[in-house]
Amino acid sequence: MKIALNLLYLIPGVVGGTETYARSLITALGRLDEDHEYTVYVNRESAELDITPADNFTRVVCPVVAMKRAYRYGWEQAILPLQLRQTKPDLVHSLGYVGPIASSKPQVVSVHDVNYLGHSGRRTPVGRRAFQFFVEKTVKRASHVITISKFSRGEIMRHLGVPEDRVSVVYCAARERPVDATGAGHESEVVKNVTQPFMMAFSSLSAHKNIARLIAAFARISSEVPHSLVLIGHMPEKSAAIRAELERAGDNRIHFTGFIPDEDVDALMRRASLFVFPSLYEGFGLPILDAQKAGVPIACSNVAALPEVAGEGAILFDPLSVDDMAQKLRRSLLDADLRETLSEKGRANVQKFSWDTAAQETMDIYKTVAS
């Protein structure tokens, strides 16, 4: 069987969890599948990515700059179908929401969530409408939809009208790259400048990441705990409310790192007393499994797919309630026994997720669609 993998959406370091999904799944497919031929279509930004893990994988670099989304959509819808007509795959799998609608080949599409319907993120209104148009057309055209949680499956069925027999859940897993279990081998200036104890979270310009409420919750307990709050990534828009909460917590208690490499993220995560994930909406929540793999206790939102992914390895809070978040953070930071229990349950929970399992389930879907 000849399989085309559409990665024209993938912008390294920009598309977040969907990059981890694509690269990890392809690596696992390379381990497990020696029988089928894979052709991977990438853009210029992804031309150097390691996405040909075995001899039966071929890379095709399309002259597309994916940051220019209109250009990418144009190539994906007009030129990619012509490329597929020449290579004649048995099916096409688009791993990032949108596929070549005009292609006559059987299609599988991965739709990770329908976040774009309620949270604009960094897209403009026009960009959001265009994205929604192509997602809905792709889903209607596809023979099968893959998603990454039961929560997202329900959302896709409800909002996109996909029958339940055409959408399957294939869970993600923690990142597979080797890490230093102690963190002692990586001592960048960023890591050295963060003093323990601290809790950490990932910051973002996107409002649904809920960083403003996390800062407010930490400000309420900062006088009761010795920990600082380390936020990996960029500060959200600094409104008057956020400035007030930063002053309340103390300028030296909350640290924004800006963008830092994965090695720094891993080193800080292993040293954190608590990992906090206050998001209002996630189709999966990969950082939860990364934290559990590192043995870090977790406090996270009780909404969307996060309880499904975290299992018993996290203490849950209402992300819309600063009071509830503050209460759960205080309890987690002051109760060493609770943190140890969460760590143990987290390590057990992360074992339930495997990229090899995800690859095998994806291959089973390929066989069903191709037949």
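Let me sum up the structure you'll find in this document. Starting afresh in each chain, residues are numbered from 1 along the sequence in its written order. Given that this is a predicted model, residues contribute local features only at a pLDDT of at least 70 and side-chain atom pairs are listed and counted only at 80 or more, while totals for whole chains, interfaces and linings are drawn from all residues. Calculated side-chain values reflect all of the structure's heavy atoms, with hydrogen atoms and water omitted.

Considering empty space enclosed by the protein
Then step 1. With a 1 Å grid spanning the protein atoms alone, the term cavity applies to any set of points in which a 1.4 Å probe fits but cannot get out, the term pocket to an open set with protein on both sides within 12 Å along at least five of seven lines, and the term lining residue to any residue with an atom within 4 Å of a point. Grid points are joined across faces, edges and corners, and a volume is the space filled by probe spheres set on the points. Inspection of the entire model under this criterion finds one cavity of 30 Å³ or more.
Then step 2. The space that makes up the largest cavity amounts to roughly 40 Å³.
Then step 3. Around the largest cavity, the lining residues are Lys2, Ile3, Ala4, Glu37, Thr39, Thr87 and Pro89.
Then step 4. Of all the secondary structure elements, the ones that give two or more residues to the lining of the largest cavity are strand 1 (2–7) and strand 2 (37–42).
Then step 5. The leading source of residues in the lining of the largest cavity is strand 1, at three residues.
Then step 6. Tallied by class, residues from the lining of the largest cavity come to three nonpolar, two polar and two charged. In this text, helices come from DSSP runs of H or I with a minimum length of four residues, and strands from runs of E with a minimum of two, each type numbered from the N-terminal end. All amino acids are sorted into three groups, where Ala, Val, Leu, Ile, Met, Phe, Trp, Tyr, Cys and Pro are nonpolar, Asp, Glu, Lys and Arg are charged, and the leftover types, Gly among them, are polar.

Some remarks on the packing of aromatic side chains
Within a pair of aromatic rings, the relevant descriptors are the distance that separates the centres and the angle that separates the planes.
Then step 1. Only the six-membered ring of Trp is used, alongside the rings of Phe and Tyr, when aromatic pairs are assigned; centres must lie within 6.5 Å, and planes under 30 degrees apart are stacked while those over 60 apart are edge-to-face, with the rest tilted. Taken as a whole and assessed by the stated rule, the structure comprises 12 aromatic pairs.
Then step 2. A ring pair is formed by Tyr171 and Phe284, whose centres lie 6.3 Å apart and whose planes are at 50 degrees; its orientation type is tilted. Residue Tyr171 is located in the loop between strand 7 (167–169) and helix 5 (189–192), and its partner Phe284 is located in the loop between strand 11 (274–277) and helix 9 (286–293); the two are separated by 113 residues in the primary sequence.

Here's the deal with the nonpolar core
Then step 1. Core analysis: the biggest nonpolar cluster contains 61 residues, and Leu5, Leu7 and Met200 have the highest contact counts within it.
Then step 2. With seven residues, the single largest contributor to this core is helix 13 (residues 355–370).
Then step 3. Contacts are residue-level and defined by heavy atoms, with any inter-residue pair within 4.5 Å sufficient. Those residues within four positions of Leu5 in sequence are excluded, and the remaining contacts are Ile26, Tyr38, Thr39, Val40, Tyr41, Phe57, His93, Leu95 and Tyr366.
Then step 4. For the purposes of this section, nonpolar cores are sets of buried Ala, Val, Leu, Ile, Met, Phe, Trp, Tyr and Cys residues that join through side-chain atoms within 4.5 Å. Exposure categories follow from relative accessible area, calculated using a 1.4 Å probe and restricted to protein chains: below 20% of the type maximum is buried, above 50% is exposed, and the middle band is partly exposed. Within the second largest apolar cluster, 29 residues are counted, among which are Leu214, Leu231, Ala299 and Ala326.

As for the environment of Ser371
Then step 1. Along the chain, Ser371 turns up in the segment after helix 13.
Then step 2. In this structure Ser371 comes out as exposed when scored by relative accessible area, which is 80%.
Then step 3. A C-alpha to C-alpha distance of 41 Å links Ser371 and Lys345, two positions 26 residues apart in sequence.
Then step 4. Only 3.0 Å separates the side chain of Ser371 from the backbone oxygen of Lys367, close enough to count as a polar contact.
Then step 5. Of note is the side chain of Ser371, whose polar atom sits 2.9 Å from the backbone oxygen of Thr368. Counting of polar contacts relies on pairs of N or O atoms within 3.5 Å, with two restrictions inside protein: one atom must be capable of donating a hydrogen and the other of accepting it, and residues adjacent in sequence are counted only when both atoms are side-chain atoms.

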